Amino acid sequence: MAVAYPIPHVSKQTVTNTSALLKFTILAVISAAAIASRLFAVIRHESIIHEFRATKVLAKDGFYEFWNWFDPTAWYPLGRVVGGTVYPGLMVTSGIIYNVLHWLNFPVDIRNVCVMLAPAFSGLTAIATYLFTCEMADESTGLLAAAFIGIVPGYISRSVAGSYDNEAIAIFLLMYTFYLWIRAVKQGSAFYGMLAAVFYGWMVAAWGGYVFITNMIPLHAFVLVLMGRFNHKIYISYSSWYVIGTLASMQVPFVGFLPVRTSEHMAALGVFGLLQLVAFVETVRKLVPGKQFQLLLRAFVIASFVIAFAVLVVLTSSGWIAPWTGRFYSLWDTGYAKIHIPIIASVSEHQPTAWPSFFFDLEMLIFLFPAGVYLCFRELRDEHVFIIIYAVLSSYFAGVMVRLMLVITPVVCVTAAMAFSKLLTTYLDPTVPEIDDDSASVTGDLAAEVDATINKTKTKKSAAVDTKKTVGAAAIKRGIYSLDTRFLVVLPLIGSLIMFVYHCTWVTSNAYSSPSVVLASRGADGSQHIIDDFREAYYWLRQNTKQDAVVMSWWDYGYQIAGMADRPTLVDNNTWNNTHIATVGKAMASNEAVAYPILRQHDVDYILVIFGGLLGYSGDDINKFLWMVRISQGVWPDEIQESNYFTNRGEYKVDAQASQTMKDSLMYKMSYYRFPELFGGGQAVDRVRNQVIPNTPIQLDTIEEAFTSENWIVRIYQVKKEDDLGRELPAASAFNAGQRLKKSKSAKSTNKKR
Amino acid sequence: MLWPKFKALEVLAQALVASQLLASVDAKSATGDRILVVLEPALKQGSYSHFWQSLEARGFKLTFKGPKEEQAPLTEYDEKNFDHLIMMAPSTTSFSSTLKPKNLVDAMSSHQINTLFVLSPSISEAQRDLAREFDIEFQERDTALIDDFHYSPVSAKHDQVLLNISSGLDSEAPTAIIPSNLRTSLSPLLYQGIVHTLGQNPYLIPVLHAGATGFSDELLDMDEDELLDRKKKNIVAGEQAALVSALQTRSNARVGWIGSESMLRDDSWAAQVQDQDGQASTTGNGEFLNAFTAWVLQETGVLKVVHTDHHRVNETTPREMYRIKVDVTYTATLSQYTTENGESSWKPFTANDIQLDFTMLDPHVRTLLHKRAVTADGKATEYDVTFKCPDRHGVFKFVLDYWRPGWTFIHEQSVVSVVPFRHDEYPRFIQGAWPFYTGAFLTSTVFLSFCALWLYSVEGNKKQVVAVKTKKTQ
């Protein structure tokens, strides 16, 4: 067999040793790169982390205190039972790391553990992806996949240093569970099934997205059964995974009995039952030969399947099994959330994904992704079926929600690595098939190429056998097997890899590495300005208000206020109580007279609003305001109506044409209070919405301005107490402003009711 | 010639104060003994000597000044210089800086300065404006209370009204302000002054109003047409025509209004008067004003919470957190300050309508506090109640609210968390779960025995299995 270029002769032993060393080194370097590229935020600013109070409790008081921790400062005055309303995996993981390090006499602060947790786990994710891909294809593909997942922005967006979030460890657990499952299926090993269950349990403890695994694995098993590939390996691995995994997941207090009581988990249970039936039928069929009997058995399987399904329906309708939750429906009908659960739709990361963000987050991988899936179809072993299912499901989910880009990223990396590796091995493979016909026609070239790819494995083997039979490299100077053609393909590939690295670094550095509380802008001369209004305001709160002063803000800032200002908040990012959030929304959306009783009832001392109009910071509260209106409209449809906040022409405006309801709302007043004064009589332009704010001064009666940050991004208002003399607050503030009461309204005509 | 008189009076006053200090008479007021008297030039200090004497006899130190004088400011550097203010400047239109209406209201609410407004028919617009802030509407300037059936014949216009306390006392006036012995007193009050009406302000306390035949009317002479016009007007009369009123602010500063400056004068303090029928009697102005000012200057009707406490039953120290459904005891110690027979002291306060709320957004528990005992020092009463925490976790407040007209408003709250069961506080063994216990044990036993049986049977029948296999291959 011919070779396209000479290969240096090295012994087989050397090759094995070198490749083992190389593999190890490459993996280590990939992990290091994965960690390093996530450190932009920490190096540029400082390690800012806002929600790790739960972890602090865990590190300080131990696990049981954490489990029983009641946080009276969150969701004031409802309080929050943290142990029972949180996925504890993240906190427990960092707590364990903290304790192990201290046991090893590394006096690390728990804060640093939390900051570095996400980068560290992304290093592990790279290794898990390597292992997973090795099960699908060869090891070089694995290395490529590990490199991809290490730096792909789609994953970095959720795992930069300081983003102490459930997803930080969840993706590692996801990939490792899948790896163990594939291994269990391949080997039919109860041991690996059990290991998969243990990691599944960890995953359940760590992230609500565990439902994805809960449905992926049964679906894989189900499809294999439908394809007629049922065997004892599947039976063993699935049964051991399901039983141990379900028991493990039920140990998490927040999950509890959900695995047996909600529809999301019924697929796993159903497939478990189905596998038992199929296994039983298979066994019986082996022992009993009769044809009619086999037919009967098949009918039995179908009948019991139908009966089981009917029982499920009955149980669901009678309330024993909770029906699909709203969050689930919103996955199928993207408009559902906007109508029924605005609180979910209000989160920007729950919006449907825009097309450019696929390229932004995955760059060239998104183009290689279908090719990789196609390659899976070509081989279609059991594990490739898994990849195909995963690819189909996750690409749907990623299209529905921006947040779920995270789920598609690993499978894109794996399949893209498969496609890329296929291209590379094809074009780097030195062997040239022998063409016995000297009349190689023009079409023959094309045919040879197709042949070469299809029979690559074959030719490779045969090439190894008869290496001696070499045609000189000089013999093929041009054509599809010649070096120039190879370079023509391989060089752009390498170029695109380099581009990929550049793109990833650029995106990571520019888009995903600024902690949300610090904004950076560039001046005309390229100098950087740090806009630090958030921390300024939070430290003001910390220094100037009473320890138990209750701060009301929209829920986005709840964790930040709790973490950085250390003050009780009404609502926070753990959005478990829709009514309470709607109450805050109502207070913000109503006029002062309606809002004041709400504020007093909730003991609110300060209100914090984010206003970007001066600076052009678009993520401010006026832009989120319609969601507040919608959420409170969901609870009080008679009092709050979205349409009232639009102009007559149906536009959302804040200038002179804004509707009266809009102008009277507390949010509008707090945002634009004294804003026109800044412009000294000139036009007060809101730079986010590019509208001119009317010059009429805004009158605040029930609240007073307490603090406004340097760039006006954060404004804090203090809620006044009831008037000491028993007046209405507007009357009191009119008196303080020097206005004269014309005539006492109630005292004028008749005396008190007697 | 006026000046030495004034001076002499001042010396006399100082001597009086000094003598009282020597006699070591304690201040009768619970909040302090410094009074600033703002006296407008039109009113002579000497005309009210009985009034001043009665105040000084009660241990107050008086400082006199004119409304526009800047010295002796009410507050200085955000500290109060005086505890009480008597404002006798009915016709004054502009005031010194600390007495300007806005600053005065500020001082009232932030320093709890008790204020007595003494007004007259020559009331200025500034004073009427200020009164409106309290939801009190004084009648027009140069109007006065007129009663054609009860008057002193000295007055041609029947504007020196002789008012019987029993007919003029408002039904809502609390006994903390007008004690019961005064309510039945027969001596009439001599009232020559303006009338006001009260609005809906819940903190207003009506004290004295005109008798059934009294009404407010202009003092100027009128011809027939004007008289006719007046009759068409809405005339303020009878119970509507308030004469003396009070208000206690949310921060427990007390304010009083007296529509007649002449009521305080020496010649009506305890003077002999004749009514329209020529019947002579002694006026009760002195007694009435003593009682009223005693309340305004915080000598009576003052309550305080000495101590509150909460703890679990069978424990003594308070906790920051209580578990749901535990029994909690709340204790409050209340004391009242009263002046009886010239003696002022803190005494036990007894009432049977004191409530406790256990509140999170809404009261989850609302219960009566029961009187338990008088404290060891005999100055306060202990109240307590034991109740079960609601089955609802959250941040709760013990709220002790006691708002009764005439008494100091009490609002006492302490915040605690009510937390759910700890993980190890749930019952370990539940009777009703027997089927599940048996089910679990049965399943495990059956599974184990099945395994054993299966292993054994396979071991024993190895040959048979092999035989079956060979048969199949054949």
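Residues numbered from 1 in each chain as written. Chains lettered and ligands numbered in written order. Predicted model: local features only at pLDDT ≥ 70, side-chain atom pairs only at ≥ 80, totals over all residues. Heavy atoms only, no water.

As annotated in an unreviewed UniProt entry, chain A carries the name Oligosaccharyl transferase stt3 subunit and comes from Naganishia adeliensis.

(A) Representation of the overall build of chain B in the model. Of the regular secondary structure elements, chain B holds 11 helices and 27 strands. Taken across its 474 residues, chain B has 50% of its residues classed as buried. For chain B, the share of sequence-separated contacts (at least 6 apart) that also reach a separation of at least 24 residues comes to 72%. Accessible surface computed for chain B: about 23200 Å², of which carbon and sulfur atoms make up 56%. (Helix = DSSP H or I, 4+ residues; strand = E, 2+ residues; numbered from the N terminus. Buried < 20%, exposed > 50% of the residue type's maximum accessible area, 1.4 Å probe, protein only. Contact = heavy atoms within 4.5 Å. Areas by Shrake-Rupley, 256 points an atom, 1.4 Å probe, with all protein chains shown as cover.)

(B) Broad picture of the pattern of salt bridges. All names here are of chain B. Within the structure shown, the criterion is met by 50 salt bridges over all chains. Here aspartate 33 ties to lysine 61 by a salt bridge, and the two come within 3.6 Å at their closest N and O atoms. Here the residue aspartate 33 occupies a position in the loop between helix H1 (2-22) and strand S1 (34-39), and lysine 61 occupies one in strand S2 (residues 61-65), the gap between them amounting to 28 residues. Of the residues examined, lysine 61 reaches a relative accessible area of 35% and is grouped as partly exposed. Put simply, glutamate 140 and arginine 128 hold a salt bridge, and the shortest N to O gap is 3.8 Å. Placement of glutamate 140 in the loop between strand S7 (136-138) and strand S8 (143-147) and of arginine 128 in helix H4 (residues 125-133) is noted, with a sequence separation of 12 residues between them. Under the relative-accessibility criterion, glutamate 140 is labelled partly exposed at 43%. For arginine 128, a relative accessible area of 3% gives the class buried. (Salt bridge = Lys/Arg side-chain N within 4 Å of Asp/Glu carboxyl O.)

(C) Quick look at the nonpolar core. Residue and element names in this part refer to chain A. In this structure, Phe132, Phe148, Phe178, Tyr238, Leu365 and Tyr390 are the most contacted members of the largest nonpolar core, which totals 125 residues. With 15 residues, helix H22 (residues 405-428) is the largest single contributor of residues to this core. Sequence-distant contacts of phenylalanine 132, defined by excluding residues within four places in its chain, comprise Met175, Phe178, Tyr179, Ile182, Phe386, Ile387 and Val414. Ranked by size, the runner-up nonpolar core spans 112 residues in total, among them Val629, Leu666, Trp712 and Ile716. (Core = buried A, V, L, I, M, F, W, Y, C linked by side-chain atoms within 4.5 Å.)

(D) Expanded view of the interface of chain A and chain B. Of the residues lining the interface, 36 residues belong to chain A; the matching set on chain B comes to 48 residues. Scanning the region where chain A abuts chain B turns up four salt bridges. A salt bridge links glutamate 133 of chain B to arginine 727 of chain A, with the shortest nitrogen-to-oxygen separation between them at 2.6 Å. The interface formed by chain A and chain B contains 10 residue pairs in polar contact (both at pLDDT 80 or more). Elements with a contribution of two residues or more to the side of chain A that touches chain B: helix H4 (63-67), helix H33 (729-736) and helix H34 (745-748) of chain A. Taken together, the residues that form the side of chain A that touches chain B break down as 13 nonpolar, 10 polar and 13 charged. (Polar contact = N/O pair within 3.5 Å; in protein donor to acceptor, adjacent residues only side chain to side chain. Nonpolar A, V, L, I, M, F, W, Y, C, P; charged D, E, K, R; others polar.)

(E) Quick look at helix H27 (residues 558-565) of chain A. Residue and element names in this part refer to chain A. Counted residue by residue, H27 has seven buried out of eight residues, so it is predominantly covered. When we look at burial in H27, the residues that qualify are Gly558, Tyr559, Gln560, Ile561, Ala562, Met564 and Ala565. The inward-facing, buried residues of H27 contact helix H3 (53-61), strand S3 (80-81), helix H26 (533-544), strand S7 (550-552) and strand S8 (604-610). After H27 finishes, the residue aspartate 566 shows a positive phi value of roughly 60°.

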